[in-house]
Amino acid sequence: MSAWIVLQNMNRIIGVLFLLCYFYQLLYVPVALWRRHKVSGNAPIRRYAVLISARNEEAVIAQLIDSIRRQDYPSDHLDVYVVADNCTDNTAEAAREAGATVYRRHDTCRVGKGYALHFLLTHIREERGGQYYDGYFVFDADNLLAPDYVSRMNEVFGEEYPIVTSYRNSKNYGDNWISAGYGLWFLRDAAFLNGPRTRLGLSAMVSGTGYMFSREIMLRCNGWPFHSLSEDTEFTIHSILEGEKIGYCGEAELYDEQPTQLRQSIRQRMRWVRGNMLVLLRQGGRLAGHITRKNGLSCLDLLLSMAPAIVLTVCGVVVGVLATVLELLNGGRILPMLGAAAMSFAVPYLLLLLAGAITTITQWKRIRTSSWKKVVYTLTFPIFMATYVPITICALFGKVEWKPIKHRAVMSVQELK
């Protein structure tokens with residue numbers, strides 16, 4: 001059998017496996033569009049601490065704190081804490097002037113957001129005690145909050161979810177195809193994955209920023225022991241394995257700044273991919289073992305959302321490259337090979353285009369950019385996602401470490417409306 005026929009057959013097998021692994025997510029679409037999750041509007045007023053880990057963020061951190069101060073939630077029940085983590089600029093001064101309680105941290109050995117959050121929680125517990133706050137919010141320094149963000153999250157938290165995540169929008173969606181690719185992915189993740197999960201009684205998943213957890217979670221974990229390259233995934237898996245359900249609040253809107261430079265984006269996503277790989281290696285077996293237990297469907301959903309994308313992507317690329325090289329060395333026909341390769345890219349492109357188009361159309365009014373950019377960046381969304389193929393391979397063999405992302409989108413929440 002010639003190599004190009006092998007390539008075609010392997011592409012078909014991989015395509016079928018992708019379909020089997022992700023077909024269930026298509027069922028989430030009608031759930032997201034037609035089934036609404038109702039929350040109680042009579043939640044009690046609770047006391048919250050806001051946790052912000054910042055490294056050289058003096059340009060943007062004051063705007064985040066200002067958006068927190070402008071919440072329609074009682075200000076005496078909302079305290080802001082910032083850890084200036086290995087900063088070499090005036091982040092601490094800017095945060096303190098904006099009204100936050102600030103702690104400085106200098107540790108070049110234990111680097112990363114997870115260590116910074118544990119440091120911050122340790123200081124809060126020493127000064128306030130473990131029972132003072134009902135819950136804790138986690139934000140990145142470049143975020144901005146809609147004025148009713150905390151009130152909305154408090155309503156869902158009031159439905160006895162010990163962990164709640166929110167709707168993640170973008171400050172700079174229209175900058176270029178890279179920022180739009182991030183933005184569209186996070187919109188889809190919120191509206192068409194986390195939303196339906198909560199409505200169907202499954203657990204949502206935490207994604208980096210814009211979430212909260214209860215005092216009981218903090219005490220049980222003894223702070224924040226999640227220090228991997230992707231501490232959000234580690235926290236999500238730990239919580240689901242412990243039998244907790246993560247709720248989703250689509251009415252609580254957070255604005256996030258996305259990278260615009262390809263090199264910076266590649267470095268960040270390599271860290272995400274490597275971090276997810278390592279967490280899966282450590283916890284994947286336990287997730288599989290819990291499929292028949294409490295939160296079993298959530299464990300299965302989490303496994304299918306993470307593992308197949310990594311494994312099938314790498315296998316598809318390796319098999320395709322080997323088959324192509326072998327066929328060319330044996331004097332094979334180049335046109336059929338190119339046709340098979342084009343087909344292997346066309347199907348994923350169209351599927352991603354469909355996912356991006358549905359998200360763009362349904363979230364049209366919430367995307368902050370011009371109409372023509374919304375259309376163009378929907379077309380480039382599959383290209384952005386295709387860059388995960390080399391990123392995944394590089395994450396397997398390249399050097400990956402935590403590095404800060406520089407943020408420059410200085411704006412107030414008033415400018416986002």
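See the structure shown above.
Note that the structure is a prediction, hence the values are computed from the model and not measured.

Peer 1: What is the right way to read the nonpolar core from this model?
Peer 2: Burial of nonpolar side chains together is a common tendency in soluble globular proteins. Counting residues in hydrophobic clusters, the biggest one holds 40 residues, and the most contacted among them are Leu51, Tyr136, Tyr211, Phe213, Trp224 and Phe235. When near neighbours in sequence (up to four residues on either side) are disregarded, Phe213 contacts Leu51, Leu121, Gly135, Tyr136, Val138, Phe157, Pro162, Ile163, Met218, Trp224 and Phe235. Counting residues in hydrophobic clusters, the runner-up holds 34 residues, among them Tyr48, Ala54, Ile61 and Ala252.

Peer 1: Which parts of the structure should I look at to understand the environment of Met153?
Peer 2: Considering the arrangement of structural elements, one finds Met153 in helix α5 (residues 149–157). With 97 residues separating them along the chain, Met153 and Gly250 place their C-alpha atoms 9.1 Å apart. Here Met153 is in contact with Phe137, Val164, Thr165, Ser166, Gly210, Tyr211, Met212, Cys249 and Ala252, once residues within four sequence places are set aside.

Peer 1: When you look at empty space enclosed by the protein in this model, what are you seeing that I'm missing?
Peer 2: Vacant regions in the atomic arrangement are exposed by a probe of water-molecule size rolled over the atoms. Inspection of the entire model under this criterion finds 3 cavities of 30 Å³ or more. For the largest cavity, the calculated volume is near 70 Å³. Together, Thr165, Ser166, Arg168, Phe186, Asp189, Ala190, Asn194, Met205, Ser207 and Thr209 line the largest cavity. The leading source of residues in the lining of the largest cavity is helix α6 (residues 177–199), at 4 residues.

Peer 1: When you look at the environment of Phe235 in this model, what are you seeing that I'm missing?
Peer 2: Mapped onto the fold, Phe235 is located in helix α8 (residues 231–241). For Phe235, a relative accessible area of 1% translates into the label buried. When the C-alpha positions of Phe235 and Met205 are compared, they lie 9.2 Å apart, and in sequence the two are 30 residues distant. Apart from the residues within four sequence positions on either side, Phe235 is in contact with Ile163, Val206, Tyr211, Phe213, Ile217, Trp224 and Phe226.

Peer 1: In this structure, what is going on with the sheet that holds strand β8 (residues 246–256)? I would like to understand it.
Peer 2: Two orientations exist for strands paired in a sheet by backbone hydrogen bonds: parallel and antiparallel. Spatially, the 8 strands line up as an open sheet ordered β3-β2-β1-β4-β7-β6-β8-β5, and their pairing is mixed. Each edge of the sheet is formed by a strand with only one pairing partner; in this case those strands are β3 (101–105) and β5 (144–145). Two elements, strand β6 (residues 163–170) and strand β7 (residues 211–214), share 3 bridges in a ladder whose sense is antiparallel. Paired with Ile163 across the strands is Phe213, a residue of β7.

Peer 1: Would you mind showing me how to read the pattern of salt bridges here?
Peer 2: Opposite charge on two side chains makes pairing possible when the charged atoms of those side chains draw close. This structure, assessed with the given rule, holds 14 salt bridges. Asp107 is the salt-bridge partner of Arg110, the closest N and O atoms lying 3.0 Å from each other. Close ionic contact of Glu155 with Arg152 constitutes a salt bridge, the shortest N to O distance being 3.8 Å. Of the two residues, Glu155 and Arg152 both sit in helix α5, 3 residues apart, roughly one turn of that helix. Of the residues examined, Glu155 reaches a relative accessible area of 17% and is grouped as buried. Among the residues examined, Arg152 registers a relative accessible area of 31% and is labelled partly exposed.

Peer 1: Got a minute to help me understand the packing of helix α12 (residues 371–386) against helix α13 (residues 388–397) in this structure?
Peer 2: Any two packed helices are characterised by how steeply their axes cross, that is the angle between the axes, and by the distance between the axes. With their axes 5 Å apart at the nearest point, α12 and α13 run at an angle of 15 degrees to one another. By the angle between their directions, the pair α12 and α13 is classed as roughly parallel. Across the interface between the two elements, Phe384, Met385 and Ala386 of α12 pack against Tyr388, Val389 and Pro390 of α13. Grouping the amino acids of the contact of α12 with α13 by side-chain chemistry returns 6 nonpolar, no polar and no charged.

Peer 1: Is there a simple way to think about the packing of aromatic side chains in this case?
Peer 2: Each pair of aromatic rings is reported with the distance of its centres and the angle of its planes. Summed over all chains, the structure comprises 22 aromatic pairs. Residues Tyr48 and Phe157 carry aromatic rings whose centres are separated by 6.0 Å and whose planes lie at 65 degrees to one another, so their mutual orientation is edge-to-face. Linking Tyr48 in strand β1 (residues 48–54) with Phe157 in helix α5, this pair joins segments that are 109 residues apart in sequence. Tyr48 sits in the buried class, given a relative accessible area of 0%. Judged by centre distance (4.7 Å) and plane angle (40 degrees), the rings of Trp224 and Phe235 are tilted. Residue Trp224 is located in the loop between α7 (215–221) and α8, and its partner Phe235 is located in helix α8; the two are separated by 11 residues in the primary sequence. Like Phe235, Trp224 is buried. Put simply, the rings of Tyr81, Tyr132, Tyr133, Tyr136, Tyr211, Phe213, Trp224, Phe226 and Phe235 touch in pairs and so form one group of aromatic residues.

Peer 1: Quick question: what am I supposed to make of the pairing of β8 here?
Peer 2: The two faces of a sheet get side chains in turn, since along a regular strand they alternate between them. Counting buried positions along β8 yields 10 of 11 residues, so the element is predominantly enclosed. One ladder, built from 2 bridges, connects β5 with β8; its direction is antiparallel. For Leu144, the partnering residue across the bridge sits in β8 and is Tyr255. One ladder, built from 8 bridges, connects β6 with β8; its direction is parallel.

Peer 1: Just to check I follow, could you spell out α12 for this structure?
Peer 2: Helical geometry: 3.6 residues make up each α-helical turn, so side chains three or four residues apart lie on a common side. Under the 1.5 Å per step criterion, the end-to-end length of α12 is 24 Å for 16 residues, consistent within 8% with the ideal 22 Å. Considering bend angle alone, the principal kink of α12 is centred on Thr380 and spans about 40 degrees; proline Pro382 follows within four residues of it.

About the cut-offs
Residues numbered from 1 in each chain as written. Predicted model: local features only at pLDDT ≥ 70, side-chain atom pairs only at ≥ 80, totals over all residues. Heavy atoms only, no water. Core = buried A, V, L, I, M, F, W, Y, C linked by side-chain atoms within 4.5 Å. Buried < 20%, exposed > 50% of the residue type's maximum accessible area, 1.4 Å probe, protein only. Contact = heavy atoms within 4.5 Å. Helix = DSSP H or I, 4+ residues; strand = E, 2+ residues; numbered from the N terminus. 1 Å grid on protein atoms, 1.4 Å probe; cavity = no way out; pocket = protein on both sides within 12 Å on 5 of 7 lines; lining within 4 Å. Points joined across faces, edges and corners; volume = space filled by probe spheres on them. Pairing = 2+ DSSP bridges. Salt bridge = Lys/Arg side-chain N within 4 Å of Asp/Glu carboxyl O. Axes fitted to C-alpha atoms, helices over the stretch in contact; angles between N-to-C directions. Parallel < 35°, antiparallel > 145°, perpendicular 65-115°, else oblique. Nonpolar A, V, L, I, M, F, W, Y, C, P; charged D, E, K, R; others polar. Phe/Tyr/Trp six-rings, centres within 6.5 Å; stacked < 30°, edge-to-face > 60°. Expected span 1.5 Å × (residues − 1). Bend = angle between axes of the 7 residues up to and from the residue.

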